Amino acid sequence: MNRRGLLLLTPAIVLLVVVFAAPVALMFPTSLRPYIPGQGIGEGWTAENYVKLVTDPFVLRVGARTIGLGFTVTLVTLVAGYPLAYVIARTRSRARPWLVVLVVFPLLLNLVVRSFGWIALLANRGLVNETLLALGVIDAPIRLMFNFTGLLVGLTHIFLPFMILVLAAAIHNIPAELEEASGTLGANRAVTFLTVTLPLSLPGILGGSILVFVLTISALVTPRLLGGPTYQVMSTMIYDQFVQLLDWPGGSAMAMALTAIVLLMIGFSSLLAARYRVRG
(Lines give C-alpha, C1' and ligand atoms only; values in the text may rest on other atoms or scores of the structure.)
Protein backbone atom coordinates (compact mmCIF):
# COMPACT_ATOMS: atom_id res chain seq x y z
CA MET A 1 0.00 0.00 0.00
CA ASN A 2 1.40 3.43 -0.96
CA ARG A 3 1.52 6.48 1.26
CA ARG A 4 -1.52 8.09 -0.32
CA GLY A 5 -3.64 5.00 0.31
CA LEU A 6 -2.47 4.90 3.93
CA LEU A 7 -3.45 8.55 4.39
CA LEU A 8 -6.91 7.84 3.03
CA LEU A 9 -7.33 5.01 5.51
CA THR A 10 -6.03 7.00 8.48
CA PRO A 11 -9.39 8.58 9.51
CA ALA A 12 -11.10 5.17 9.47
CA ILE A 13 -8.25 3.58 11.43
CA VAL A 14 -8.30 6.36 14.04
CA LEU A 15 -12.08 6.07 14.39
CA LEU A 16 -11.83 2.28 14.78
CA VAL A 17 -9.14 2.60 17.44
CA VAL A 18 -10.98 5.29 19.43
CA VAL A 19 -14.47 3.77 19.22
CA PHE A 20 -13.68 0.05 19.37
CA ALA A 21 -10.10 -0.92 20.21
CA ALA A 22 -9.51 1.56 23.03
CA PRO A 23 -12.64 0.69 25.08
CA VAL A 24 -11.90 -3.03 24.70
CA ALA A 25 -8.27 -2.49 25.73
CA LEU A 26 -9.38 -0.55 28.81
CA MET A 27 -11.91 -3.22 29.73
CA PHE A 28 -9.47 -6.13 29.56
CA PRO A 29 -7.42 -5.24 32.70
CA THR A 30 -10.68 -4.81 34.62
CA SER A 31 -11.71 -8.34 33.67
CA LEU A 32 -8.59 -9.66 35.42
CA ARG A 33 -9.39 -7.98 38.73
CA PRO A 34 -11.14 -9.83 41.60
CA TYR A 35 -14.61 -8.79 42.65
CA ILE A 36 -15.35 -8.29 46.33
CA PRO A 37 -19.10 -8.27 47.12
CA GLY A 38 -20.12 -5.05 48.82
CA GLN A 39 -16.82 -3.35 47.96
CA GLY A 40 -16.36 -3.66 44.21
CA ILE A 41 -13.09 -4.14 42.37
CA GLY A 42 -10.39 -5.69 44.53
CA GLU A 43 -6.63 -5.57 44.37
CA GLY A 44 -4.38 -7.97 42.51
CA TRP A 45 -4.95 -10.07 39.44
CA THR A 46 -6.93 -13.23 38.84
CA ALA A 47 -8.27 -15.38 36.01
CA GLU A 48 -11.28 -16.44 38.08
CA ASN A 49 -13.70 -14.39 35.98
CA TYR A 50 -12.68 -16.25 32.83
CA VAL A 51 -12.68 -19.62 34.57
CA LYS A 52 -16.27 -18.94 35.61
CA LEU A 53 -17.24 -18.44 31.97
CA VAL A 54 -16.36 -22.05 31.11
CA THR A 55 -17.30 -23.74 34.41
CA ASP A 56 -20.49 -22.05 35.62
CA PRO A 57 -23.50 -24.02 34.24
CA PHE A 58 -25.73 -20.95 34.23
CA VAL A 59 -23.24 -18.88 32.24
CA LEU A 60 -22.70 -21.73 29.80
CA ARG A 61 -26.45 -22.14 29.36
CA VAL A 62 -26.91 -18.43 28.69
CA GLY A 63 -23.99 -18.44 26.25
CA ALA A 64 -25.39 -21.43 24.34
CA ARG A 65 -28.82 -19.78 24.28
CA THR A 66 -27.32 -16.58 22.88
CA ILE A 67 -25.40 -18.34 20.10
CA GLY A 68 -28.39 -20.54 19.28
CA LEU A 69 -30.62 -17.49 19.10
CA GLY A 70 -28.12 -15.77 16.82
CA PHE A 71 -28.00 -18.68 14.37
CA THR A 72 -31.79 -19.16 14.42
CA VAL A 73 -32.59 -15.50 13.79
CA THR A 74 -30.00 -15.44 11.01
CA LEU A 75 -31.51 -18.50 9.34
CA VAL A 76 -35.09 -17.23 9.61
CA THR A 77 -34.22 -13.78 8.25
CA LEU A 78 -32.27 -15.38 5.40
CA VAL A 79 -35.13 -17.70 4.39
CA ALA A 80 -37.76 -14.98 4.75
CA GLY A 81 -35.67 -12.17 3.32
CA TYR A 82 -34.22 -13.81 0.20
CA PRO A 83 -37.49 -13.88 -1.82
CA LEU A 84 -38.24 -10.26 -0.89
CA ALA A 85 -34.70 -9.21 -1.75
CA TYR A 86 -34.95 -10.99 -5.11
CA VAL A 87 -38.19 -9.18 -5.95
CA ILE A 88 -36.65 -5.81 -5.06
CA ALA A 89 -33.48 -6.52 -7.05
CA ARG A 90 -35.26 -7.75 -10.16
CA THR A 91 -38.19 -5.32 -10.21
CA ARG A 92 -37.75 -2.81 -13.02
CA SER A 93 -41.01 -0.90 -12.59
CA ARG A 94 -41.69 2.26 -10.65
CA ALA A 95 -42.78 0.15 -7.69
CA ARG A 96 -39.18 -0.66 -6.75
CA PRO A 97 -38.53 2.54 -4.72
CA TRP A 98 -41.75 1.92 -2.81
CA LEU A 99 -40.69 -1.63 -2.04
CA VAL A 100 -37.41 -0.30 -0.64
CA VAL A 101 -39.33 2.25 1.43
CA LEU A 102 -41.53 -0.51 2.86
CA VAL A 103 -38.41 -2.46 3.89
CA VAL A 104 -36.64 0.55 5.39
CA PHE A 105 -39.70 2.06 7.08
CA PRO A 106 -39.51 -0.12 10.25
CA LEU A 107 -35.97 1.14 10.80
CA LEU A 108 -37.36 4.67 11.13
CA LEU A 109 -39.31 3.66 14.23
CA ASN A 110 -37.67 3.66 17.63
CA LEU A 111 -36.43 0.25 18.76
CA VAL A 112 -38.23 0.55 22.09
CA VAL A 113 -41.52 1.37 20.33
CA ARG A 114 -41.22 -1.69 18.09
CA SER A 115 -40.41 -3.90 21.07
CA PHE A 116 -43.41 -2.62 23.02
CA GLY A 117 -45.51 -3.25 19.93
CA TRP A 118 -44.55 -6.92 20.08
CA ILE A 119 -45.38 -6.97 23.78
CA ALA A 120 -48.89 -5.80 22.91
CA LEU A 121 -49.13 -8.61 20.36
CA LEU A 122 -47.51 -11.48 22.25
CA ALA A 123 -48.65 -10.91 25.84
CA ASN A 124 -50.98 -13.42 27.49
CA ARG A 125 -53.82 -10.96 26.86
CA GLY A 126 -52.29 -9.61 23.68
CA LEU A 127 -53.81 -9.51 20.23
CA VAL A 128 -52.46 -12.91 19.14
CA ASN A 129 -53.77 -14.84 22.15
CA GLU A 130 -57.07 -12.96 22.22
CA THR A 131 -57.64 -13.74 18.53
CA LEU A 132 -56.82 -17.42 18.96
CA LEU A 133 -59.08 -17.62 22.01
CA ALA A 134 -61.92 -15.92 20.15
CA LEU A 135 -61.57 -18.35 17.24
CA GLY A 136 -61.55 -21.32 19.60
CA VAL A 137 -58.14 -22.48 18.44
CA ILE A 138 -56.79 -22.56 21.99
CA ASP A 139 -58.44 -22.89 25.42
CA ALA A 140 -55.82 -20.94 27.38
CA PRO A 141 -53.29 -18.24 26.44
CA ILE A 142 -50.06 -19.50 24.91
CA ARG A 143 -46.87 -18.23 26.48
CA LEU A 144 -45.24 -16.22 23.70
CA MET A 145 -43.09 -13.91 25.84
CA PHE A 146 -40.22 -14.33 28.27
CA ASN A 147 -38.96 -17.31 26.27
CA PHE A 148 -37.08 -18.22 23.09
CA THR A 149 -40.18 -17.73 20.93
CA GLY A 150 -40.68 -14.11 21.93
CA LEU A 151 -37.06 -13.21 21.34
CA LEU A 152 -37.03 -15.02 18.00
CA VAL A 153 -40.10 -13.19 16.73
CA GLY A 154 -39.02 -9.76 17.96
CA LEU A 155 -35.41 -9.95 16.79
CA THR A 156 -36.38 -11.43 13.42
CA HIS A 157 -38.72 -8.51 12.79
CA ILE A 158 -36.10 -5.97 13.85
CA PHE A 159 -33.17 -7.35 11.83
CA LEU A 160 -35.01 -8.61 8.74
CA PRO A 161 -34.57 -5.27 6.88
CA PHE A 162 -30.79 -5.50 7.26
CA MET A 163 -30.75 -8.94 5.65
CA ILE A 164 -33.05 -7.85 2.83
CA LEU A 165 -31.01 -4.76 1.98
CA VAL A 166 -27.71 -6.67 1.87
CA LEU A 167 -29.19 -9.49 -0.22
CA ALA A 168 -30.94 -7.10 -2.60
CA ALA A 169 -27.66 -5.30 -3.30
CA ALA A 170 -25.87 -8.60 -3.97
CA ILE A 171 -28.62 -9.95 -6.25
CA HIS A 172 -28.86 -6.63 -8.11
CA ASN A 173 -25.17 -6.97 -9.02
CA ILE A 174 -25.83 -10.32 -10.72
CA PRO A 175 -26.42 -9.68 -14.43
CA ALA A 176 -29.94 -10.69 -15.36
CA GLU A 177 -28.56 -11.92 -18.68
CA LEU A 178 -26.97 -14.88 -16.88
CA GLU A 179 -30.35 -16.08 -15.69
CA GLU A 180 -31.83 -15.52 -19.15
CA ALA A 181 -28.97 -17.48 -20.72
CA SER A 182 -29.60 -20.35 -18.33
CA GLY A 183 -33.24 -20.43 -19.36
CA THR A 184 -32.26 -20.31 -23.03
CA LEU A 185 -30.08 -23.38 -22.52
CA GLY A 186 -33.06 -25.33 -21.21
CA ALA A 187 -32.83 -24.87 -17.45
CA ASN A 188 -36.06 -24.25 -15.57
CA ARG A 189 -36.45 -21.60 -12.86
CA ALA A 190 -35.44 -23.93 -10.02
CA VAL A 191 -32.27 -25.09 -11.77
CA THR A 192 -31.39 -21.53 -12.74
CA PHE A 193 -31.78 -20.41 -9.14
CA LEU A 194 -29.69 -23.27 -7.71
CA THR A 195 -26.90 -23.13 -10.30
CA VAL A 196 -26.72 -19.42 -11.15
CA THR A 197 -28.48 -17.02 -8.79
CA LEU A 198 -27.78 -18.69 -5.46
CA PRO A 199 -24.03 -19.30 -5.99
CA LEU A 200 -23.46 -15.77 -7.29
CA SER A 201 -25.35 -14.27 -4.34
CA LEU A 202 -23.25 -16.10 -1.74
CA PRO A 203 -21.23 -12.96 -0.84
CA GLY A 204 -24.48 -11.19 0.02
CA ILE A 205 -25.74 -14.20 1.96
CA LEU A 206 -22.50 -14.32 3.92
CA GLY A 207 -22.43 -10.58 4.58
CA GLY A 208 -26.07 -10.39 5.61
CA SER A 209 -25.77 -13.46 7.83
CA ILE A 210 -22.75 -12.11 9.70
CA LEU A 211 -24.41 -8.72 10.13
CA VAL A 212 -27.63 -10.20 11.52
CA PHE A 213 -25.80 -12.70 13.73
CA VAL A 214 -23.59 -10.03 15.30
CA LEU A 215 -26.53 -7.67 15.84
CA THR A 216 -28.61 -10.47 17.38
CA ILE A 217 -26.11 -11.72 19.93
CA SER A 218 -25.27 -8.16 21.00
CA ALA A 219 -28.88 -6.86 21.15
CA LEU A 220 -29.95 -5.55 24.56
CA VAL A 221 -33.23 -3.61 24.45
CA THR A 222 -35.42 -6.22 22.76
CA PRO A 223 -34.11 -9.20 24.82
CA ARG A 224 -34.65 -7.19 27.99
CA LEU A 225 -38.23 -6.25 27.08
CA LEU A 226 -39.36 -9.52 25.46
CA GLY A 227 -37.21 -11.83 27.57
CA GLY A 228 -37.76 -10.13 30.89
CA PRO A 229 -35.40 -10.35 33.86
CA THR A 230 -35.48 -14.16 33.99
CA TYR A 231 -34.88 -15.25 30.39
CA GLN A 232 -31.41 -13.87 29.85
CA VAL A 233 -28.93 -13.72 27.00
CA MET A 234 -25.32 -12.60 27.22
CA SER A 235 -26.04 -8.92 26.61
CA THR A 236 -28.65 -8.70 29.37
CA MET A 237 -26.44 -10.69 31.72
CA ILE A 238 -23.55 -8.30 31.08
CA TYR A 239 -25.87 -5.36 31.74
CA ASP A 240 -26.96 -6.86 35.06
CA GLN A 241 -23.36 -7.52 36.06
CA PHE A 242 -22.40 -3.89 35.52
CA VAL A 243 -25.54 -2.03 36.63
CA GLN A 244 -27.29 -4.19 39.21
CA LEU A 245 -24.56 -6.32 40.79
CA LEU A 246 -21.77 -3.77 40.24
CA ASP A 247 -19.53 -6.70 39.33
CA TRP A 248 -17.43 -4.86 36.79
CA PRO A 249 -14.71 -7.53 36.57
CA GLY A 250 -17.24 -10.28 35.87
CA GLY A 251 -19.14 -8.10 33.40
CA SER A 252 -15.90 -7.15 31.66
CA ALA A 253 -14.92 -10.81 31.26
CA MET A 254 -18.32 -11.61 29.75
CA ALA A 255 -18.05 -8.63 27.43
CA MET A 256 -14.59 -9.76 26.34
CA ALA A 257 -15.98 -13.24 25.62
CA LEU A 258 -18.82 -11.77 23.55
CA THR A 259 -16.33 -9.60 21.67
CA ALA A 260 -14.17 -12.66 20.97
CA ILE A 261 -17.19 -14.52 19.54
CA VAL A 262 -17.96 -11.59 17.24
CA LEU A 263 -14.36 -11.33 16.05
CA LEU A 264 -14.17 -15.08 15.44
CA MET A 265 -17.34 -14.97 13.33
CA ILE A 266 -16.04 -12.01 11.32
CA GLY A 267 -12.71 -13.74 10.80
CA PHE A 268 -14.44 -16.95 9.75
CA SER A 269 -16.64 -15.06 7.27
CA SER A 270 -13.59 -13.27 5.85
CA LEU A 271 -11.90 -16.64 5.34
CA LEU A 272 -14.95 -18.02 3.54
CA ALA A 273 -15.20 -14.88 1.39
CA ALA A 274 -11.52 -15.16 0.45
CA ARG A 275 -11.94 -18.79 -0.57
CA TYR A 276 -15.00 -17.87 -2.62
CA ARG A 277 -13.07 -15.16 -4.47
CA VAL A 278 -10.24 -17.57 -5.20
CA ARG A 279 -12.62 -20.18 -6.58
CA GLY A 280 -14.49 -17.53 -8.53
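Structure first, text after, so check above.
Residues numbered from 1 in each chain as written. Predicted model: local features only at pLDDT ≥ 70, side-chain atom pairs only at ≥ 80, totals over all residues. Heavy atoms only, no water.

Novice: How should I be thinking about the overall build of the protein chain in this particular structure?
Specialist: Each helix and strand counted, the protein chain has 13 helices and 2 strands in total. Along the longest, intermediate and shortest principal axes, the C-alpha atoms of the protein chain span 75 × 70 × 30 Å. A burial count over the protein chain gives 37% of its 280 residues as buried. By sequence separation, contacts in the protein chain at least 24 residues apart represent 67% of the contacts at least 6 residues apart. Counting 18 positive and 10 negative side-chain charges, the protein chain places the centres of these two groups 11 Å from one another. (Helix = DSSP H or I, 4+ residues; strand = E, 2+ residues; numbered from the N terminus. Buried < 20%, exposed > 50% of the residue type's maximum accessible area, 1.4 Å probe, protein only. Contact = heavy atoms within 4.5 Å. Lys, Arg positive; Asp, Glu negative; His and termini not counted. Charge placed at Lys NZ, Arg CZ, Asp CG, Glu CD.)

Novice: Would you take a moment to explain helix 7 (residues 148–172) for this structure?
Specialist: For helix 7, built from 25 residues, the straight-helix expectation of 36 Å at 1.5 Å per residue is met to within 8% by its first-to-last C-alpha distance of 34 Å. In the structure, helix 7 departs most strongly from a straight axis at phenylalanine 159, where the bend amounts to approximately 40° and where the proline proline 161 lies between one and four residues downstream. A distance of 3.3 Å separates the backbone nitrogen of threonine 149 from a side-chain oxygen at the start of helix 7, and that oxygen is part of asparagine 147. (Expected span 1.5 Å × (residues − 1). Bend = angle between axes of the 7 residues up to and from the residue. Polar contact = N/O pair within 3.5 Å; in protein donor to acceptor, adjacent residues only side chain to side chain.)

Novice: Any chance you could explain a nonpolar patch on the surface here in plain terms?
Specialist: A cluster of nonpolar residues, Leu6, Leu9, Ile13, Val14, Leu15, Leu16, Val17, Val18, Val19, Phe20, Leu263 and Ile266, forms a patch on the protein surface that exposes about 1,100 Å² of accessible area. When contributions to the nonpolar patch are tallied by element, the ones reaching two or more residues are helix 1 (3–31) and helix 13 (248–279). A total of 10 residues in the nonpolar patch trace back to one element, the largest contributor, which is helix 1. The residue leucine 15 is located in helix 1 in this model. (Patch = residues over 30% accessible without salt bridge, like charges linked within 9 Å, V, L, I, M, F, W, Y side chains within 5 Å. Areas by Shrake-Rupley, 256 points an atom, 1.4 Å probe, with all protein chains shown as cover. Salt bridge = Lys/Arg side-chain N within 4 Å of Asp/Glu carboxyl O.)

Novice: Looking at this structure, how should I read the pattern of salt bridges?
Specialist: Oppositely charged side chains can form a pair if their charged atoms are brought close together. Using the criterion set out here, one finds 3 salt bridges in the structure. Between glutamate 130 and arginine 125 there is a salt bridge whose closest N-O contact spans 3.3 Å. Among the residues examined, arginine 125 registers a relative accessible area of 62% and is labelled exposed.

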